[in-house]
Amino acid sequence: MHTSPLNFKMLKLSIFCLSLACILCSCRSPEERYFSRSFDGPDETLPSSVDRELGTNGIRLPSDSLSQEELSDLFVQGSFLYYQGSPGHQLVLEEGLGLAPTSALLHRELGVAYLKRGFADQFPRYYGRAAELDPVTWLGWRAYLYLYFYRDYQRAIDDCNALDPLPPNFVDHPQSTSIDNMRGLAHHQLGEYAVARSYIDLHMDFERSSGDPQYIEKTSYLLSAVNYIALGKLDDALIELDIAVSWSAKWAELHYYRASVLFELGRYAEARESLNL
């Protein structure tokens, strides 16, 4: 049977691709092969000097010689070999909880996938358990998620208030965000402007102690200004906006609110100029 040059080239390319795939699979570490194998396939163990025992699903898992923290890290690393939230990812984490049921980290990782997909009934179940097991680490993170993901302002405030006294004489910054700033935003959104002002001032005073106005996030200046506007303190709002615009001149939102304040103050030409920037 005659084979055309084109078909012969395609055959060689197919053989090459198949060979390359086999080489790449064989180069994976034992840890990768353990976590990414089929859960219905033959058992495979991780190379280690510690003893092994069968897990609840017939999978060979580390023995009790590993601490809860070590087990948590092991299964979290294994879960990342799958797309976050996929059945394989969640199943690895669930298997980890079978061996480390008091792991705040595993509960938190399970909750993240539900959070990002909008399963509001499942996110608190897992993230809430993480906050119970390790409040210093995860209460603030849950407050951040309540505030920015779910707009659940009261729950965000409650979590921040519960976290505040845990590390004494220390301003917590979950997700690199001050809990004072978070409480200020949450109270402002609830229409509690005076209470919000007290927390915003705490945050701004703390940040200003650095001595460099540019150290403060422009969103903090904006929140402070918007709160002053709600309180009817337009001159104070303009001061905050002028500072922020001086080093963040290309952020349109600052110019919009600045123009609004100038308009309310009767400074129409300046308001028009700010809108045209």
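Residues numbered from 1 in each chain as written. Predicted model: local features only at pLDDT ≥ 70, side-chain atom pairs only at ≥ 80, totals over all residues. Heavy atoms only, no water.

Participant: Would you explain unusual backbone geometry in this entry?
Facilitator: When glycine is set aside, most residues are seen to have a negative phi, and most peptide bonds are trans. Positioned with a positive phi, Arg151 is a non-glycine residue whose angle comes to about 55 degrees. By the element assignment, Arg151 lies in the loop between helix H7 (135-148) and helix H8 (153-163). The exposure class of Arg151 is partly exposed, given its relative accessible area of 49%. One non-glycine residue, Ser176, lies in positive phi territory at about 60 degrees. Its place among the elements puts Ser176 in the loop between H8 and helix H9 (179-189). By relative accessible area, Ser176 is classed as exposed at 71%. (Helix = DSSP H or I, 4+ residues; strand = E, 2+ residues; numbered from the N terminus. Buried < 20%, exposed > 50% of the residue type's maximum accessible area, 1.4 Å probe, protein only.)

Participant: What am I meant to see in the pattern of salt bridges here?
Facilitator: A side chain with one charge can pair with a side chain of the opposite charge if their charged atoms come near. Overall, the coordinates contain 10 salt bridges when judged by the stated rule. Across the pair Asp152 and Arg155 runs a salt bridge, and its minimum N-O distance is 2.7 Å. The partly exposed category is assigned to Arg155, whose relative accessible area is 47%. Between Asp201 and Arg197 there is a salt bridge, with its nearest N and O atoms 3.0 Å apart. In this pair, Asp201 and Arg197 both sit in helix H10 (residues 193-208), 4 residues apart, roughly one turn of the helix. On the basis of relative accessibility, which here comes to 28%, the residue Asp201 falls in the partly exposed class. Taken together, the salt bridges that share partners define one network made up of Asp164, Asp180 and Arg183. (Salt bridge = Lys/Arg side-chain N within 4 Å of Asp/Glu carboxyl O.)

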